[in-house]
Amino acid sequence: MTISLEITDDVAQITLDDGRANAINLPWIDQFLETFTEAEKSAKAIVIAGRDGIFSGGFDLKWMPTANAEEIKRLLDGGGEIVTRVYGSERPVVAACTGHAIAMGLFLLLSCDTRIGASGDFKFGANETMNGMNLPVFASVITKERFDPRKLTELVIQSRMFGPEDALALGALDKVVAPDAVLDTARQMAKLLAQLPGGAYGFNKLSIRQPAIDRIKATSGGY
């Protein structure tokens, strides 16, 4: 299964695993949003975990050349919805970044409240310029929200790729641990965050993040 859900001790774990790069296409987006909604309803905190060696490689670049204009629009709107749903969730959301996080995979990572990453030869980056693509509004907003603003030009406009330790310094990760400790560390953090008063957590999160979420929703298609 591409996306699975397991709930234990008030923590929902959403695992992304298509056996390959966790590429994001329209069916993936539908499945993720359905799973995320169930996690919000059923748990007090959420962990989003990748598969061994990769969190997500971003949008499905093999599928995109075959898609028509309406499908591409739906894909981008879906990416925006994922960012706003995760970034604006009233639940604490912790990322277990098990490896590479590229493009839309990076934007999903940046949307999580606390991000635990694996040490090793893994790559992070917004490579849209490198691939000749225009950056979606949701991507420009979430990178401005989470990255060190002094580094936005090289990271976003110039498509600089970077590793886990730089990700920690630049604002893409909050903690780097050994690969075999990523999931346990993320789950432990989620358990701690689940003990915070949920109403206050959600209110205070949105009091800070609502302007960014509104900017994304104001774009074409609502995202």
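Residues numbered from 1 in each chain as written. Predicted model: local features only at pLDDT ≥ 70, side-chain atom pairs only at ≥ 80, totals over all residues. Heavy atoms only, no water.

A. Region of the structure containing the side chain of Thr-15. Among the secondary structure elements, Thr-15 is positioned in strand 2 (residues 11-16). Reaching out from Thr-15, the side chain makes a polar contact with the side chain of Gln-13 at a distance of 3.1 Å. Setting aside chain neighbours within four positions, we find Thr-15 in contact with Thr-2, Ile-3, Ser-4, Ala-49 and Gly-50. (Helix = DSSP H or I, 4+ residues; strand = E, 2+ residues; numbered from the N terminus. Polar contact = N/O pair within 3.5 Å; in protein donor to acceptor, adjacent residues only side chain to side chain. Contact = heavy atoms within 4.5 Å.)

B. Just unusual backbone geometry, in detail. One non-glycine residue with positive phi stands out, namely Asp-10, at about 70°. Residue position: Asp-10 is located in the loop between strand 1 (3-8) and strand 2. If you check the backbone angles, Ser-159 has positive phi at about 55° while not being a glycine. Looking at Ser-159, the relative accessible area reads 4%, which means it is buried. (Buried < 20%, exposed > 50% of the residue type's maximum accessible area, 1.4 Å probe, protein only.)

C. Focus on the packing of aromatic side chains. This model, assessed by the stated rule, comprises five aromatic pairs. On the basis of an interplanar angle of 80° and a centroid distance of 6.2 Å, the ring pair of Phe-107 and Phe-138 is categorised as edge-to-face. One end of the pair, Phe-107, is in helix 3 (residues 104-111); the other, Phe-138, is in helix 4 (residues 137-146), with 31 residues separating them in the sequence. For the pair Phe-107 and Phe-138, one class covers both residues: buried. Taking 6.1 Å as the distance between ring centres and 75° as the angle between the ring planes, the aromatic pair formed by Phe-147 and Phe-162 counts as edge-to-face. Residue Phe-147 is found in the loop between helix 4 and helix 5 (152-157), and its partner Phe-162 is found in the loop between helix 5 and helix 6 (164-170); the two are separated by 15 residues along the sequence. The exposure classification of Phe-147 matches that of Phe-162, with both residues buried. Site record: aromatic cluster; members linked through ring pairs are Trp-28, Phe-32 and Phe-36. (Phe/Tyr/Trp six-rings, centres within 6.5 Å; stacked < 30°, edge-to-face > 60°.)

D. A look at the environment of Lys-151. By secondary structure assignment, the location of Lys-151 is in the loop between helix 4 and helix 5. Taking the relative accessible area as the measure of exposure, Lys-151 reaches 29% and is therefore partly exposed.

E. Highlighting the pattern of salt bridges. Scanning the entire structure with this criterion turns up twelve salt bridges. Between Lys-151 and Glu-154 there is a salt bridge, and its shortest N-O distance comes to 3.7 Å. Classification of Glu-154 by relative accessible area gives partly exposed; the value is 23%. Here Asp-166 and Arg-160 are joined by a salt bridge, their closest N and O atoms 3.0 Å apart. Among the residues examined, Asp-166 registers a relative accessible area of 36% and is labelled partly exposed. (Salt bridge = Lys/Arg side-chain N within 4 Å of Asp/Glu carboxyl O.)

F. Geometry of the packing of helix 2 (residues 69-87) against helix 4. Contact geometry for helix 2 and helix 4: axes closest at 9 Å, N-to-C directions at 30°. Between helix 2 and helix 4, the angle falls in the class roughly parallel. Touching Leu-76, Gly-79, Gly-80, Val-83 and Tyr-87 of helix 2 are Phe-138, Ile-142, Glu-145 and Arg-146, all from helix 4. Residues that form the contact of helix 2 with helix 4 fall into these classes: five nonpolar, two polar and two charged. (Axes fitted to C-alpha atoms, helices over the stretch in contact; angles between N-to-C directions. Parallel < 35°, antiparallel > 145°, perpendicular 65-115°, else oblique. Nonpolar A, V, L, I, M, F, W, Y, C, P; charged D, E, K, R; others polar.)

G. Up close: the environment of Leu-183. Within the fold, Leu-183 resides in helix 7 (residues 182-194). Residue Leu-183 is classed as partly exposed on the basis of its relative accessible area, which comes to 31%. With 136 residues separating them along the chain, Leu-183 and Val-47 place their C-alpha atoms 8.6 Å apart. Once residues lying within four places of it in the same chain are set aside, the contact partners of Leu-183 are Gln-13, Val-47, Ala-49 and Ala-96.

H. Just the pairing of strand 2, in detail. Most of strand 2 sits out of view: six of its six residues are buried. Residues of strand 2 alternate between two faces, with Val-11, Gln-13 and Thr-15 on one and Ala-12, Ile-14 and Leu-16 on the opposite face, all of them buried. One ladder, built from six bridges, connects strand 1 with strand 2; its direction is antiparallel. In the sheet register, Ile-3 faces strand 2, and the bridge partner there is Leu-16. What sits between strand 1 and strand 2 in their antiparallel hairpin is a turn of two residues, with Asp-9 showing a positive phi close to 55°. Summarising the sheet, strand 2 and strand 3 (residues 45-49) pair through five bridges and their orientation is parallel. (Pairing = 2+ DSSP bridges.)

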